[in-house]
Amino acid sequence: MAVRAIRGAIQLDVDEREHLLSSTRELVAAVMSANYLTADDLISIVFTVTADLRSEFPAVAARELGLGEVPLLCTVEIDVPGALPRVVRLMAHAEMDVPRAEVQHVYLRGATSLRLDIAQ
């Protein structure tokens with residue numbers, strides 16, 4: 001087993017609490033499914049949000065998915081002019097039995113434009 005970092009992002013339509021939570025649940029579930037992960041495989045998840053998202057912490061959604069024992073952290077992205085708005089990003093650290101090149105990074109909705117080279 002090795003420790004791997006998995007990237008992901010999703011763009012939201014609006015900054016509303018339920019939309020942020022459902023979108024974050026969608027992102028976390030997609031990352032876990034694409035990489036065949038369970039909660040026991042996860043070491044930690046760092047969430048970032050763009051400065052225009054203030055309705056809720058993305059970690060709340062992860063806890064709702066049963067990841068309450070996984071260390072979770074939320075922070076704000078650098079507010080770069082012209083950057084894609086309303087984006088929740090994550091970096092999950094997990095114990096995985098795959099080479100780094102086989103880790104599946106997940107970019108959903110408008111966030112696919114962030115990494116066209118690796119977006120699902």
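As the structure is a computational prediction, the values presented were derived from the model and not from experiment.

Enquirer: How would you summarise the environment of Pro-58 if you had to cite specific residues and measurements?
Expert: With respect to the element layout, Pro-58 can be found in helix α2 (residues 58-64). Each C-alpha atom, one on Pro-58 and one on Val-70, is 13 Å from the other, the two residues being 12 residues apart in sequence.

Enquirer: Tell me what's going on with the pattern of salt bridges, and back it up with residues and numbers.
Expert: Inspection of the entire model under this criterion finds five salt bridges. Residue Arg-25 is joined to Glu-64 by a salt bridge in which the shortest nitrogen-to-oxygen separation is 2.4 Å. Separated by 39 residues along the polypeptide, Arg-25 in helix α1 (residues 17-34) and Glu-64 in helix α2 bring together distant segments of the chain. For Glu-64, a relative accessible area of 45% translates into the label partly exposed.

Enquirer: An account of the sheet that holds strand β4 (residues 87-96) is needed here, citing residue identities and associated values.
Expert: With mixed pairing, the five strands of this open sheet are ordered in space as β3-β2-β4-β1-β5. One side of each edge strand has no neighbouring strand; the edge strands of this open sheet are β3 (72-76) and β5 (106-108). Within the sheet, the average angular offset between the axes of one strand and its neighbour, ignoring direction, is 15°. Bridge count for strand β1 (residues 2-11) against β5 is three bridges, and the pairing is parallel. Within β5, the position partnered with Ala-9 by the bridge is Tyr-107. Across the sheet, α1 is in contact with β1, β2 (42-49), β4 and β5; its angle to β5 comes to roughly 145°.

Rules used throughout
- Residues numbered from 1 in each chain as written.
- Predicted model: local features only at pLDDT ≥ 70, side-chain atom pairs only at ≥ 80, totals over all residues.
- Heavy atoms only, no water.
- Helix = DSSP H or I, 4+ residues; strand = E, 2+ residues; numbered from the N terminus.
- Salt bridge = Lys/Arg side-chain N within 4 Å of Asp/Glu carboxyl O.
- Buried < 20%, exposed > 50% of the residue type's maximum accessible area, 1.4 Å probe, protein only.
- Pairing = 2+ DSSP bridges.
- Axes fitted to C-alpha atoms, helices over the stretch in contact; angles between N-to-C directions.
- Contact = heavy atoms within 4.5 Å.

By themselves, these observations are geometric and do not establish any function.
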